[in-house]
Structure formats: C-alpha cells, structure tokens
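Structural overview
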Amino acid sequence: MHELRRTTAAITVMLATLSLGACSSSESASDSAKAKAKAPIDRADWPAEVPTAGLVKGLELPLESYLPSYADQVAVDTALRTLQTRCMSEYGLTIDLPRPGANPPPHSNAVSIERRYGLSDRAQAQQYGYGLPEELTRSLESVEEGLSGIEVEVLTGRKKPESAPPKGAKGAKGAKNSYGNFGRVPEPARAEHNGKKLHEGGCAGWANRRLDVNEEDAGFVSVLASTSLSESRPLKPVEKALKSWSACMKDKGRKAADPFRAMEQGYADGDGTTKNAIELALDDIDCKEQTRLIEVWFEEESAVQKRLIEENKDQLAAVKKRMGEVLAAAKAVK
C-alpha cells in the first residue's frame, strides 16, 4: 500500500495545482517557455479530455465531471493572468507571465487516468519507458523561477523561496517541497511596495477573489478521488487482477506486486527511459492487457466513485455550480 499512498498523494497535489491559476505550475517562466508563450497557442498539443489511445482509451471516471476540462482551466487561468498583470502594473511592475495553454500538462485533469493504474500507453512506453516526453515535463517548472524577488512578493504575498538551502542548513540534502525551498515555509512579503499596500495573497490572491475561485473545491474533489482509488485497491476483483498481473510479470522474469512497484523499478536507474526501463514498461503494459487489470480496476473504482458522489451530492453540486460561475466570470474579463 506504500506505493498506492504515494500515488494518491500525487493526485491530491496535481488537483490542487490545477485549481491555482494564480500561480499555475502548468506554465513555465524559463526562457524557452517564454519564447513558446509568445507563439500562437497550438491546441493540438493539449491533452484530450478523454484518452484517445492506450488501455484507457475512452475511459472517464465519474468524478471527472466535477473537474474543469483543460480548455476551461486555460480560460480561467488566462483571465487570472490578465488580472494579475493588471494588478502588478499598479505597483509599477511589468511582468511577462507565460500564457496558459502554451505548455500543456501530460493529462487533462488531476485524476490523471492515463497513469492512474500505472502505465497504459504501449506506444509511449516503447519510446519513453516510464518517463515522459520533454515537452510534457515543462508543466512541472515554477512560474516564480523567472521573476525577481520583489515581483514574487507582490504577486504571491510571500518572499521568493531560495533555490537551495544555506550551506550546512538542516535538510540541505533533502528533497525540495512544493515551494522549492527544501522544507522551509516561505516568509511573508513586505507590507507595501511603491507606497501601495500589498493585497492579501498578493496580486494572485486578489485575482482569485475577483473570479471567486474556491480553492477548497479542488481539495474536496481530490480527497474523494484519492479515497476511491485506495478503497478500490483491496476489492476482490482488483486483488484477483493484480495477482494475475504479477504472475504474468513473473512469467516474463519480472518481480513486482503491482504496477506501482514496477514503476519504482523503472525509475531505479534514472529517469525511467533507460533500455531496461523500456523493456520493463512494455512487459508491464502487455501484462495489463492480458489480465484486463486496468479495465477491472476502472470498473471497480467507478462503482466506488458513484457511491461517493451520491453520499456527497449536495457539496458536489455546489462545486459544479461554482465551476460554472468562475468560468463565466473568467470569460467576462477583458
């Protein structure tokens, strides 16, 4: 269950990220991303709302209807960018934030069904193993990397995280957290700039409030999505399919209890794109197809999600209503 917990935690993080149009990590402020952001947006690069290839082709979990489509998220993020830029100019700051949609993420929403049950696309695995094409990893870069310290403060209401911990600092060898500052919580921003008081949460927070973005909605749906995955894992049909998958892998000379263990092995030697990782990934997917693992797990999780939706129908109805209101407000921003 260790790998499953890691997977559900990742789902929570991604879902929260999708809702944070104010400082969305789906767009990078690196030089290459800035250049791309000035070019026409190519919607052909955007992820399909429902997968069009692989073992999850045509599959959509019930909770996905309570998540914005990528196109809708881009519309909201575009409005937020406009408001943020306008707000920053009031402090005498001109910033060039990347346009939403220029660097699309690998999945259409935070459910990430393409990798929810491990790898699912053989053609992609044959080329990249457990990794992703470089163009799809730009979505993991931070907007803040291209901004000065004062720009980050005015935009976010907190100081810019350090790119590395001070020499000898506790946790210096640890992994970066979501702030990129190795576990340290960012300090609050200065109170004002150019004689004007900073907004609570910076210009990003101000923009969110203008559109009435409710970030708690994302967290709520995220918890339900994580719950459905963890509750479906021990169900008998899934357990049976997992055992069949593991036996299939054993016949191929592989040892893995579940696809998440296989993925862990795929990344053991690097970025998941080595020759060995590719061979492992192909065996992984072939065994999924042979045992119908993804099909079985999807059916069981769908049933769990339908129950969760019924149990939380009032709150989810409110989430969907607010989604529509935020989108309408975003489209009204000029």
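Residues numbered from 1 in each chain as written. Predicted model: local features only at pLDDT ≥ 70, side-chain atom pairs only at ≥ 80, totals over all residues. Heavy atoms only, no water.

Focus on the pattern of salt bridges
With the rule as written, the count across this model stands at 16 salt bridges. A salt bridge links Glu-153 to Lys-159; the nearest nitrogen and oxygen atoms lie 3.8 Å apart. When its relative accessible area of 4% is taken as the criterion, Glu-153 is described as buried. For the salt bridge of Glu-295 with Arg-292, the shortest nitrogen-to-oxygen distance reads 2.8 Å. (Salt bridge = Lys/Arg side-chain N within 4 Å of Asp/Glu carboxyl O. Buried < 20%, exposed > 50% of the residue type's maximum accessible area, 1.4 Å probe, protein only.)

What about the confidence of the model for the protein chain?
Here the protein chain shows a mean pLDDT of 84. Residues at 70 or above account for 80%. Considering only residues more than four positions removed or in separate chains, one finds that residues 1–30, a stretch of pLDDT under 50, has 83 contacts. (pLDDT = per-residue confidence, 0-100. Contact = heavy atoms within 4.5 Å.)

Focus on the state of the cysteines
On inspection of all chains with the given rule, the structure shows two disulfides. Disulfide pairing is shown between Cys-87 and Cys-203; the S-S distance is 2.1 Å. For the disulfide bridge between Cys-87 and Cys-203, the dihedral angle about the S-S bond is near -70°, and by the sign convention the bridge is left-handed. Taken as a pair, Cys-87 in helix α3 (residues 70–89) and Cys-203 in helix α8 (residues 202–211) lie far apart in primary sequence, 116 residues in all. Given the relative accessible area of 0%, Cys-87 is considered buried. Judged by relative accessible area, Cys-203 falls into the buried class, the value being 0%. Residue Cys-248 pairs covalently with Cys-287 via a disulfide, S to S 2.1 Å. Linking Cys-248 and Cys-287, the disulfide has an S-S dihedral of approximately -80° and is accordingly described as left-handed. Of the two residues, Cys-248 is situated in helix α10 (residues 236–251) and Cys-287 in helix α12 (residues 275–291); the sequence distance between them amounts to 39 residues. (Disulfide = S-S within 2.5 Å. Helix = DSSP H or I, 4+ residues; strand = E, 2+ residues; numbered from the N terminus.)

With respect to the nonpolar core
One finds Leu-63, Ile-113, Tyr-117, Tyr-130, Trp-245, Trp-297 and Leu-316 to be the most contacted residues of the largest nonpolar core, which totals 42 residues. Put simply, the parts of the chain that give this core at least two residues each are α9 (215–232), α10, α11 (259–266), α12, α13 (293–311) and α14 (313–331). By residue number, the principal contributor to this core is α12, which donates seven residues. Residues within four places of Leu-63 in sequence aside, it is in contact with Val-221, Leu-224, Ala-225, Gln-305, Ile-309 and Leu-316. (Core = buried A, V, L, I, M, F, W, Y, C linked by side-chain atoms within 4.5 Å.)

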